[in-house]
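Below, each chain spelled out in residue letters.
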Amino acid sequence: MEPLKFVRGGKWLVPLRDPLAKWFRSLSLKQHLLLTVLMPFLLVSVAIPLFFRLTGDARSHSIEDAARERGLAIVQLLAPAAEFGIAVQSPAHLDHLLQTVLDQQDVVAVTIYNHAGEVIAGGGRAELATPGLIVTATRARLIEARDGRLSFAAPVTSAPVVFDDIEAAGLPADAPLARDTMGWVYVELDTRASARRENGAMFFFLLLALVTLLFSACSALRLAHKVGEPLAHLARAVRRMLDGEVDASVPVDAVSPELQSLQDGVNALGRAIANLQGTMHRRIEETTGILAYQVRHDPLTGLSNRRAFEEALDEAMSASRRASDQSALCFMDLDHFKLVNDAGGHAAGDALLCEIAMLIQHRLRTQDLICRIGGDEFALILRGCTCDDAHCITMSLCEAIAAQSFCWEDECFKVSVSIGVTLIDEAATSKMDLLKAADAACYAAKRQGRNQVVVHRGARLA
């Protein structure tokens, strides 16, 4: 057997990962629910004793370190505050200070000594007070730590007298200013209460977590019984449907309304699949027809688009070669369309294009084809039409469009059209030549003043 190894990132290699994954996938829904809820319960049950064992000393040191810093800060602030009370021997002032300090967290005793080491004010119950050590304190410091109690002392010194002229006072220039010790302050803290509070809070939250996990385990057992079996029946029914048994059904016996609705839904699904198979083919045909229409028609005007135009042009060229059937190709370009677009915006331009498209459709024969091939460009294929007939039809279109007034938002516009015509007969050599000829004729109509028809006859424009 291949030995287990660890790789970077803490992931096990395939020999252990694959069997675990296979086993996990083989579990039922009920087993998944139980494993999901009970595994955290077991892990927390093991982790709680281990946590207290490993972190007990660290938490004790953390509480004691915080108490040391707090005790030193208290005596450092209390010493200068007590200076006035010791100097004037004011019991009221000292009592107020004592009460203020005793109100601080973990402070259990406060004592103030005079310069002779005699107690002049005190409060609380001190267990570590040693006057011999207190009166030797020359700065704020920790005196003693024992059984969860910490004692601190700091000297109370008088403020030095400042002379404006040190030499006039008979002192050397570099002489330090003297500070007299007026007494000492003593503060004692008990950290055991804080430790008990922290441990109590931690135990409470851990107990709450255990109770929550236990409740979740009980709920999971109940949920697995009520949900697991109905869902297993549903899964089996779905598998049968996938295998082709569309009329597969399940008993409606779930205890919850939601699962009953799901069972009813699966049964209804089986009945609906057969109907769906019948309607699906019809909808596919309808959608195919719509897509085929959209591929060959302009979405704005509903006219045939450029793709349909090119197919119709190929058919017309083939017919002219096969049966000497003559047709005409016409390019139409609206005049002054940009003025409408600039004045009324694209909405006005779109409305004008739709109106022109409808006007042209109404004036053509049933066998003729009109297409929109560009922004304001249209193409006509006039089937079975001589050159003179094509000229007559296109001139009537020019006159009709020129006579049309287009109104948009209380403003009326006049537009016209320039048309280029070329014949589709046996002399037409290629589709590209026909397109170039019709385009050149249309451009000539534009150049000659617009609103007219130019016919391309062989190499000439007329």
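The coordinates are above.
Residues numbered from 1 in each chain as written. Predicted model: local features only at pLDDT ≥ 70, side-chain atom pairs only at ≥ 80, totals over all residues. Heavy atoms only, no water.

Draft legend 1. Representation of the overall build of the protein within the structure. Of regular secondary structure, the protein possesses 10 helices and 13 strands. For the protein, buried positions account for 35% of its 462 residues. Residue pairs in contact within the protein that sit at least 24 positions apart in sequence constitute 63% of those at least 6 positions apart. Carbon and sulfur atoms make up 58% of the accessible area of the protein, which totals about 27,700 Å². (Helix = DSSP H or I, 4+ residues; strand = E, 2+ residues; numbered from the N terminus. Buried < 20%, exposed > 50% of the residue type's maximum accessible area, 1.4 Å probe, protein only. Contact = heavy atoms within 4.5 Å. Areas by Shrake-Rupley, 256 points an atom, 1.4 Å probe, with all protein chains shown as cover.)

Draft legend 2. Up close: the side chain of S327. When you line up the elements, S327 lands in strand β6 (residues 327–335). For S327, a relative accessible area of 2% translates into the label buried.

Draft legend 3. Just the environment of N341, in detail. Assignment of secondary structure puts N341 in helix α8 (residues 337–362). A relative accessible area of 19% places N341 in the buried class. Each C-alpha atom of the pair N341 and L352 lies 9.2 Å from the other, and the pair is 11 residues apart in sequence. Setting aside its immediate chain neighbours within four residues, N341 contacts H346 and G349.

Draft legend 4. Broad picture of the sheet that holds strand β1 (residues 107–114). In spatial order, the strands read β2-β1-β5-β4-β3; together these five strands make up an open sheet with antiparallel pairing. In the strand order of this sheet, the two ends are held by β2 (119–124) and β3 (141–146), each with one partner. Pairs of neighbouring strands in the sheet enclose a mean axial angle of 15°, with direction left out of account. Looking at chain direction, β1 and strand β5 (residues 181–190) are connected through seven bridges and run antiparallel. Bridging across to β5, A109 finds its partner in E188. Where helix α3 (residues 91–102) meets the sheet, it contacts β1, β2 and β5, and its direction lies at approximately 155° from that of β1. (Pairing = 2+ DSSP bridges. Axes fitted to C-alpha atoms, helices over the stretch in contact; angles between N-to-C directions.)

Draft legend 5. Representation of a nonpolar patch on the surface in the model. A cluster of nonpolar residues, F204, F205 and L208, forms a patch on the protein surface that exposes about 340 Å² of accessible area. Position of F205 relative to the elements: it lies in helix α5 (residues 192–242). With a relative accessible area of 54%, F205 lands in the exposed category. (Patch = residues over 30% accessible without salt bridge, like charges linked within 9 Å, V, L, I, M, F, W, Y side chains within 5 Å. Salt bridge = Lys/Arg side-chain N within 4 Å of Asp/Glu carboxyl O.)

Draft legend 6. How the structure looks around the pairing of β6. Across the nine residues of β6, nine count as buried, placing the element largely inside the fold. The alternating pattern of β6 places S327, L329, F331, D333 and D335 and A328, C330, M332 and L334 on opposite faces, both of which are buried. Here β6 pairs with strand β11 (residues 416–424) via nine bridges, running antiparallel. Paired with D333 across the two strands is S418, which belongs to β11. By the bridge criterion, six bridges tie β6 to strand β8 (residues 377–382) in an arrangement that is antiparallel.

Draft legend 7. View of the pattern of salt bridges. Counted by the stated rule, this structure contains 16 salt bridges. The partner of E127 in a salt bridge is R149, and the shortest N-O contact between them spans 3.5 Å. Pair noted here: E127 is in the loop between β2 and α4 (131–134) and R149 is in strand β4 (residues 149–157), with a separation of 22 residues, a long-range link. Judged by its relative accessible area of 8%, R149 is buried. Note that E311 is salt-bridged to R307, the shortest N-O span being 3.9 Å. Here E311 and its partner R307 are both found in helix α7 (residues 306–323), four residues apart, which amounts to about one turn of the helix.

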